Amino acid sequence: STDFAKAYGKRILIISTELNYNGGTIAAVYGARALQERGNLVILAAPSGDKTFIKETVDSGVSIVICPALPYVHLEELFWIRQFDAVLVNVFQMAPCVSDINAVKPVMWWIHEPVEIYERTLKQLQDIKKDKLKDINIYAVSKIAQKNFNACFLNKITKTLPFGIPDQRTKDKSSGKKEDLVLAVIGAVCPRKAQDIFVKAVGLLSVEEKQNVQFWIIGFIGNDEYGAQVRALAAKESTVKLAGPLTRSEICEAYREIDVVVCPSREETMSIVVTEGMMYGKACIASDKTGIAQYME
């Protein structure tokens, strides 16, 4: 209705993959919050998600709808989607629904993915009707994400759209002078995140250089071969701490103790972690395989 439009601006739907503690999902949540602050009505839809992450997101003021059929849309989903003015489809994994939704509502497709995602989804790539992509506005979060997508879709992406994060700095409540310097890698333990490189680098330091220094690895670590490798490497270094996964609120608390944020990734299309580290005034170290590197001196 006209009254609704005056009150809320546009109706915007954001469709994303499973909602959990990863960069692409967090970027979508921050996008939803930014759009809401500009007077729009925003709904974030996903097929499933981590209960704690969903609760934190809803508590922050973002409305979430769980739609198990995604990324596939049928007549029922398309009928519901018609109620919106525009749709932001987040991440490459939502590819199966992009063309069908764009047939009924304008779509912007936001790409964040490293090259390994395309290598794992070769069949999905074959199913995408590439001729229909020409009518879709496609943006990549960084030059690296753009290159990865264009290697499969022949330079369909011509523009980048970096994410933004809200300024959530809080005054450091830690009391007294800290005894130890803390360097931290934040993110799920996997080969692409290169926690093994981080721990091996610690091993190259002398005993004197490691005095009064702690090295934290924050993030989920599985029981797979790589997780076992990182655990074994960490066990040899008394200064390395495997902190496990933290919620968003717990991460904010952890930043009070962290002095240096490290992103040793073998590939990272951007890096919300390093961006947050800068927001909190931390020293940041990133590999040249990260999208954030182009913004750093």
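The structure under discussion appears in the preceding block.
Residues numbered from 1 in each chain as written. Predicted model: local features only at pLDDT ≥ 70, side-chain atom pairs only at ≥ 80, totals over all residues. Heavy atoms only, no water.

A. Up close: the pattern of salt bridges. On inspection of all chains with the given rule, the structure shows eight salt bridges. Of the charged contacts, one joins Glu268 and Lys193 as a salt bridge, the two residues approaching to 2.9 Å between their closest N and O atoms. Linking Glu268 in the loop between strand S11 (260–263) and helix H12 (272–279) with Lys193 in the loop between strand S8 (181–186) and helix H9 (195–203), this pair joins segments that are 75 residues apart in sequence. Just as Glu268 is buried, Lys193 falls in that class too. The residue Arg248 makes a salt bridge to Glu276 at a minimum N-O spacing of 2.1 Å. Taken as a pair, Arg248 in helix H11 (residues 248–254) and Glu276 in helix H12 lie far apart in primary sequence, 28 residues in all. For the pair Arg248 and Glu276, one class covers both residues: buried. Three or more residues joined by partner-sharing salt bridges are found here, namely Glu116, Arg192, Lys193 and Glu268. (Salt bridge = Lys/Arg side-chain N within 4 Å of Asp/Glu carboxyl O. Helix = DSSP H or I, 4+ residues; strand = E, 2+ residues; numbered from the N terminus. Buried < 20%, exposed > 50% of the residue type's maximum accessible area, 1.4 Å probe, protein only.)

B. Up close: the sheet that holds S11. Read from one edge of the open sheet, five strands run S10-S9-S8-S11-S12, paired in parallel fashion. With partners counted over all chains shown, the strands left at the sheet margins are strand S10 (240–244) and strand S12 (283–286), one partner each. The mean inter-strand angle of the sheet, taken between neighbouring strand axes irrespective of direction, is 25°. Where S8 lies against strand S9 (residues 213–218), six bridges are found, and the strand directions are parallel. (Pairing = 2+ DSSP bridges. Axes fitted to C-alpha atoms, helices over the stretch in contact; angles between N-to-C directions.)

C. Representation of the nonpolar core. By size, the foremost hydrophobic cluster in this structure holds 73 residues, and its most contacted members are Ile15, Phe92, Ile101, Trp109, Phe149 and Ile258. Per-element accounting of this core gives the leading share, six residues, to helix H2 (residues 23–37). If near-sequence neighbours (up to four positions away) are discounted, Phe149 is found in contact with Phe92, Trp109, Ile111, Tyr118, Ile138, Lys156 and Ile157. Ranked by size, the runner-up nonpolar core spans 17 residues in total, among them Val185, Ile217, Leu233 and Val240. (Core = buried A, V, L, I, M, F, W, Y, C linked by side-chain atoms within 4.5 Å. Contact = heavy atoms within 4.5 Å.)

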